[in-house]
Amino acid sequence: MISRLTLGTAQLGMDYGIANKAGKPSKEKAFKILRKAFELGINSIDTASAYGDSEQLIGNFLAINPVCRDRVFITTKLPTMSKLGIENQEVTNFVEKAARASFKKLGVRISNFMLHDFHDLQYGNVLEKSLIKLKQSGIIDHVGVSIYEPEEAESIMQYKIFDTIQLPINLLDHRFLKNNLLKRLKARGFTVFARSVFLQGLLTMNPANIPKNLSEVKNYFYDLREIAINSGLKMKELAIAFVASITEVDSIVIGVDNENQLVSNFEYVKLSISQQTVELITQVIRGIDESIIDPRKW
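Novice: How should I be thinking about the side chain of Asn 65 in this particular structure?
Specialist: Considering the arrangement of structural elements, one finds Asn 65 in the loop between helix H3 (54–63) and helix H4 (66–71). On the basis of relative accessible area, Asn 65 is assigned to the buried category, the value being 16%. Among the polar contacts listed, one links the side chain of Asn 65 to the backbone oxygen of Phe 61, at a separation of 2.8 Å.

Novice: Would you explain helix H6 (residues 91–106) in this entry?
Specialist: Along an α-helix, residues three or four positions apart point the same way, because every turn accommodates 3.6 residues. For H6, built from 16 residues, the straight-helix expectation of 22 Å at 1.5 Å per residue is met to within 8% by its first-to-last C-alpha distance of 22 Å. Every buried residue belonging to H6 is among Val 91, Phe 94, Val 95, Ala 98, Ala 99, Ser 102 and Leu 106, and all of these are buried. Along the axis of H6, the buried positions cluster into a sector of 120 degrees, meaning they face one direction only. The exposed set on the far side of H6, more than 90 degrees from its buried face, consists of Lys 97 and Lys 104. A positive backbone phi angle near 75 degrees is found at Gly 107, which sits one or two residues after H6.

Novice: Could you clarify how one ought to interpret helix H10 (residues 217–230) in this entry?
Specialist: Taking 1.5 Å per residue, 14 residues should reach 20 Å; H10 reaches 20 Å between its end C-alpha atoms and fits that length. Within the sequence span of H10, burial applies to Val 217, Tyr 220, Phe 221, Leu 224, Ile 227 and Ala 228. For H10, the angular spread of buried residues about the axis comes to 125 degrees, placing them on one side. Along H10, exposed side chains directed more than 90 degrees from the buried face belong to Asn 219, Ile 229 and Asn 230. Looking at the buried side of H10, the elements it contacts are helix H11 (235–244), helix H13 (275–284) and helix H14 (290–293). Taken from the residues just after H10, Gly 232 is the one with a positive phi, measuring 75 degrees.

Novice: What is the right way to look at the packing of aromatic side chains in this model?
Specialist: By convention here, two paired aromatic rings are described through the distance between centres and the angle between planes. Applying the stated criterion across every chain yields a total of four aromatic pairs. Measuring from ring centre to ring centre gives 5.5 Å for Phe 31 and Phe 61, while their planes differ by 75 degrees; the resulting arrangement is edge-to-face. Linking Phe 31 in helix H2 (residues 27–39) with Phe 61 in helix H3, this pair joins segments that are 30 residues apart in sequence. Taken as a pair, Phe 31 and Phe 61 share a single burial class, namely buried. Relative to Phe 61, the ring of Phe 38 has its centre 6.1 Å away and its plane inclined at 20 degrees; by these criteria the two rings are stacked. In this pair, Phe 38 sits in helix H2 while Phe 61 sits in helix H3, placing the two residues 23 residues apart along the sequence.

Novice: Looking at this structure, I do not really get the nonpolar core. What am I missing?
Specialist: The nonpolar side chains of soluble globular proteins are, as a tendency, buried together. Counting 98 residues, the largest nonpolar core has Phe 162, Leu 172 and Leu 185 as the members making the most contacts within it. Here the element with the most residues in this core is H11; it accounts for eight residues. Leave out the neighbours within four places in its chain, and Leu 185 touches Ala 153, Met 157, Ile 165, Leu 167, Phe 190 and Val 192.

Novice: Would you take a moment to explain the pairing of strand E7 (residues 191–195) for this structure?
Specialist: Residues in a regular strand point their side chains to alternate faces of the sheet. By the criterion of burial, E7 is predominantly enclosed, with four of the five residues buried. Here five bridges tie strand E6 (residues 164–168) to E7, and the two strands are oriented parallel to one another. Pairing of Pro 168 across the sheet is with Arg 195, part of E7. Read as a crossover between parallel neighbours, the route from E6 over helix H9 (residues 181–187) to E7 is right-handed.

Novice: Would you explain unusual backbone geometry in this entry?
Specialist: For residues besides glycine, phi is generally negative; the peptide bonds are generally trans as well. Here Ser 196, not a glycine, exhibits a phi torsion of approximately 60 degrees, which is positive. Tracing the backbone through its elements, the reader meets Ser 196 in the loop between E7 and H10. Residue class for Ser 196 comes out buried when judged on its relative accessible area of 17%. Phi at Gln 200 is positive, roughly 55 degrees, even though this residue is not glycine. The topology assignment puts Gln 200 in the loop between E7 and H10.

Novice: Where do I start with the sheet that holds E6 in this structure?
Specialist: As a general point, the strands of a sheet are linked pairwise by backbone hydrogen bonds and lie either parallel or antiparallel. In space, the eight strands of this closed barrel follow the order E1-E2-E3-E4-E5-E6-E7-E8, with parallel pairing throughout. Within this sheet the neighbouring strands show an average axis-to-axis angle of 30 degrees, counted without direction. In this structure, strand E1 (residues 5–8) lies alongside strand E8 (residues 251–255), joined through four bridges in parallel fashion. Bridging from a neighbouring strand, Thr 6 pairs with Val 253 of E8. Packing against the sheet, helix H12 (residues 259–268) makes contact with E1 and E8, and its axis sits at approximately 155 degrees to E1.

Conventions we followed
Residues numbered from 1 in each chain as written. Predicted model: local features only at pLDDT ≥ 70, side-chain atom pairs only at ≥ 80, totals over all residues. Heavy atoms only, no water. Helix = DSSP H or I, 4+ residues; strand = E, 2+ residues; numbered from the N terminus. Buried < 20%, exposed > 50% of the residue type's maximum accessible area, 1.4 Å probe, protein only. Polar contact = N/O pair within 3.5 Å; in protein donor to acceptor, adjacent residues only side chain to side chain. Expected span 1.5 Å × (residues − 1). Arc of directions from axis to C-beta. Contact = heavy atoms within 4.5 Å. Phe/Tyr/Trp six-rings, centres within 6.5 Å; stacked < 30°, edge-to-face > 60°. Core = buried A, V, L, I, M, F, W, Y, C linked by side-chain atoms within 4.5 Å. Pairing = 2+ DSSP bridges. Right-handed = clockwise from strand over helix to strand, strands pointing away. Axes fitted to C-alpha atoms, helices over the stretch in contact; angles between N-to-C directions.

In structure tokens, the structure reads:
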């Protein structure tokens, strides 16, 4: 059973996020965050080979905390093959080497091995066979894909090998809530991880500090802040409570810079909002431009 909150660790391995002013924490601070997560009952950790030294850091922590190692559910991700120009005949060797490298750094069986890039599905059967081989070898348990677009989720449902999916949902991005997409994913047996709850920190920023290229978001921000105030919540609380209200989401991936943020987020996940509040949020962001909700277009 995975925890309702998944600790995202991009921040622990590198500088990450538009609102991150603190930078990458020290090893000691990172270990404190990880220790606090397990104390709170958070057993799900999200990382990737692309997140600096995050995998190695987690592995070092688990090596000296065997109790945590025995109950961790760890998600890591395959380096993007299509962008690296990997040829079809190289896929099997590349996938196995990548998985074994992550396995060695983490020091534990990989609970959930995800494609970091949907476009790697272009490798078709050879990729599927490579992932099946890894499952049979005992290195990984589940296989999934991290995606950006609803159309990608539609495609992934056609593959039998995948049973986990990670996708963006937040106060501004409701694309995956349309067309019963999440309900269909659950019916197909997927474990759903929601990420980008704060839209890489944008939803936590002071409007005065929002970059000029994203100035259009300010109008939505003020309306959402009014909804939060009327609900007796802060923006961060509303952002998490909104995603937590979606029953099809199994776990919410949130990164933190320190222990206090982690404890706060853990408490926020328990908050609930009314259906009326959800509907108000939906009305406010209706017609929002995709250039605002997709960080790749910033």
